[in-house]
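What follows is the residue order along each chain.
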Amino acid sequence: MNWMEILGWGKEEISDLRSVAYSYIKQGIYDVALIFFDALSVLSPPIPYDMQTIGALYLQVGDGLKSLDYLDRALKMDPTHLPSQLNRAKALFMLGYKRQGLVQAMELEKCPDKEIASQASALILAYR
């Protein structure tokens, strides 16, 4: 079913919906932001940004399994997205997959992006 057509919506309305979801993220109201992103996933084809953001939101609310699922989807679309790779390592640790989380974090520790490398180092120190 093409909900965009049924609602008479275009790209502008989807962009507006994404902006509202983002404003809830900025306010720290993650459960409401997830509702908006869930609506986006029904209304439009998935894009890496949405999958990355949903994965990060599920990580924030403590649902490691859903986080990992969305982050894996995001990384299939954009395997080079470093924040998604870092969040994937965090989700692995949250789920108790210490070895896999360490492998991912140790790879990110070598990355030229200092912020990502620093966060990866902190994860390694915390979970080693």
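Now for a quick tour of the structure. (Residues numbered from 1 in each chain as written. Predicted model: local features only at pLDDT ≥ 70, side-chain atom pairs only at ≥ 80, totals over all residues. Heavy atoms only, no water.)

Focus on the nonpolar core
Core analysis: the biggest nonpolar cluster contains 16 residues, and Phe37, Ile54 and Leu57 have the highest contact counts within it. Those elements that provide at least two residues to this core are α2 (11-26), α3 (30-43), α4 (48-60) and α5 (64-77). Tallying contributions element by element places α3 first for this core, with five residues. With residues near it in sequence (within four places) discarded, isoleucine 54 still touches Leu34, Phe37 and Tyr70. Judged by nonpolar contacts, the second largest core, of eleven residues, contains Leu102, Ala105, Ile116 and Ile124. (Core = buried A, V, L, I, M, F, W, Y, C linked by side-chain atoms within 4.5 Å. Buried < 20%, exposed > 50% of the residue type's maximum accessible area, 1.4 Å probe, protein only. Helix = DSSP H or I, 4+ residues; strand = E, 2+ residues; numbered from the N terminus. Contact = heavy atoms within 4.5 Å.)

Re the side chain of serine 84
With respect to the helices, strands and loops of the structure, serine 84 is situated in helix α6 (residues 82-94). Assessed through its relative accessible area of 1%, serine 84 is described here as buried. Beyond its immediate chain neighbours, meaning those up to four positions away, serine 84 contacts Gln52, Leu71, Ala74 and Leu75.

A word on the environment of asparagine 87
Along the chain, the position of asparagine 87 falls in helix α6. Sequence separation between asparagine 87 and arginine 128 is 41 residues; the distance between their C-alpha atoms is 17 Å. Non-local contacts of asparagine 87, meaning those with residues more than four positions away in its chain, are made with Ala56, Leu59 and Leu71.

Things to note about a nonpolar patch on the surface
A cluster of nonpolar residues, Met1, Trp3, Ile6, Leu7, Trp9 and Val42, forms a patch on the protein surface that exposes about 650 Å² of accessible area. Element by element, the count of residues in the nonpolar patch is highest for helix α1 (residues 3-7), at three residues. Following the sequence through the fold, isoleucine 6 ends up in helix α1. (Patch = residues over 30% accessible without salt bridge, like charges linked within 9 Å, V, L, I, M, F, W, Y side chains within 5 Å. Areas by Shrake-Rupley, 256 points an atom, 1.4 Å probe, with all protein chains shown as cover. Salt bridge = Lys/Arg side-chain N within 4 Å of Asp/Glu carboxyl O.)

Topic: the packing of α2 against α3
Interhelical geometry of α2 versus α3 gives an angle of 160° and a closest axis separation of 7 Å. Regarding the angle of α2 to α3, the classification is roughly antiparallel. α3 is crossed by α2, and the crossing has left-handed handedness. On the side of α2, the interface is formed by Ile14, Leu17, Arg18, Val20, Ala21, Tyr24 and Ile25, while α3 contributes Tyr30, Val32, Ala33, Phe36, Phe37, Ala39, Leu40 and Leu43. (Axes fitted to C-alpha atoms, helices over the stretch in contact; angles between N-to-C directions. Parallel < 35°, antiparallel > 145°, perpendicular 65-115°, else oblique. Left-handed = near helix turned anticlockwise from the far one by under 90°.)

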